[in-house]
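# Commentary on secondary and tertiary structure
What follows is each chain in one-letter form.
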Amino acid sequence: MKVGFAGTPEFASTALESLIEAGHSVVVVLSQPDRPSGRGMKLTQSPVKQAAVAHNIPVLQPAGLKLDGRYAEQALQVRHQLEKLDLDVLIVAAYGLILPAWLLDLPKSGCLNIHASLLPRWRGAAPIQRAIEAGDDLTGVTIMQMDEGLDTGDMLIKAEVAIDPGDNGQTLHDKLAAC
C-alpha cells in the first residue's frame, strides 16, 4: 500500500513514526511550510518534516491547497506530484490546512484523519485544550474517513483515554499521541 501522510506538529510526528515503525510504505509527506521560531526567529522545520527527512521521505510544503486560492500555483504543483504517486490512502493528523475535494478524492481509499478527541465532541482545532477546559473526564482519539466537512466523516475507530485531575495540555497531548 502506498501511504501519504499530512501533518505538522509533534502529535502528528508521533503518528508518522508509528506508521513507519509498523512497516507501512509512506511515500510522501505534506507539512506546513517552515516558519520562524524561537528567540532568534530562526526558520524551523515542523516535527513532521524533521521525521520525514530522517526517514528519507519526500516532503511537500504548500502554503495552500485550493486550486482557485491565493496559492493556486503551489496547489496545482502538489496535485500533479500526488497524482503521479497513485496513493492508496492519505493519513492526516493535525495538518493545519483544510483538504479540498480534489485531495480528499485523490487516494484510492480516501483520506483518514487521526483526531485527538472522541468525535463528535470537540470537532476542529484545539480539542485537547477544549476537553480540559470543559472538565471532561474522558477523551480519546478517533480515526475517521474524511469528507468535505470539518471532522464530519464516518468514524471508524475510537480509543478512549481518561483525563486525570493532574493532566494539563502537555500531559494529555502525550497520552493521546501514544494512543
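For the structure, see preceding data.
This section reports on the structure supplied with the text. All of these numbers come straight from a predicted model, not from anything done at the bench.

Bringing the nonpolar core into the picture now. F5, L16, V26, V29, I91, I114 and L176 are the most contacted members of the largest nonpolar core, which has 27 residues in total. Listing elements by their share of this core, those giving two or more residues are β1 (2-7), α1 (10-21), β2 (25-30), α2 (47-54), β6 (89-93), β7 (111-115), α5 (127-133) and α6 (169-178). Apart from the residues within four sequence positions on either side, L16 is in contact with F5, V26, V29, V48, A51 and A52. A6, V92, Y95 and W102 belong to the second-largest nonpolar core, a separate cluster that totals 17 residues.

Packing of α1 against α2 brings their axes to within 7 Å, and their N-to-C directions diverge by 25°. The angle between α1 and α2 falls in the class roughly parallel. Where α1 abuts α2, its residues E10, A12, S13, L16 and E17 lie against P47, V48, A51 and A52. Here the residues of the contact of α1 with α2 sort into six nonpolar, one polar and two charged.

Our focus in this paragraph is the pattern of salt bridges. Summed over the entire model, instances satisfying the criterion amount to seven salt bridges. Salt-bridge contacts for R79 lead to E83; the nearest nitrogen and oxygen are separated by 3.1 Å. Highlighted residues: R79 and E83, both in helix α3 (residues 72-85), separated by four residues, approximately one helical turn. Judged by its relative accessible area of 36%, E83 falls in the partly exposed class. Three or more residues joined by partner-sharing salt bridges are found here, namely D86, D88 and K108.

Criteria and cut-off values
Residues numbered from 1 in each chain as written. Predicted model: local features only at pLDDT ≥ 70, side-chain atom pairs only at ≥ 80, totals over all residues. Heavy atoms only, no water. Core = buried A, V, L, I, M, F, W, Y, C linked by side-chain atoms within 4.5 Å. Buried < 20%, exposed > 50% of the residue type's maximum accessible area, 1.4 Å probe, protein only. Helix = DSSP H or I, 4+ residues; strand = E, 2+ residues; numbered from the N terminus. Contact = heavy atoms within 4.5 Å. Axes fitted to C-alpha atoms, helices over the stretch in contact; angles between N-to-C directions. Parallel < 35°, antiparallel > 145°, perpendicular 65-115°, else oblique. Nonpolar A, V, L, I, M, F, W, Y, C, P; charged D, E, K, R; others polar. Salt bridge = Lys/Arg side-chain N within 4 Å of Asp/Glu carboxyl O.

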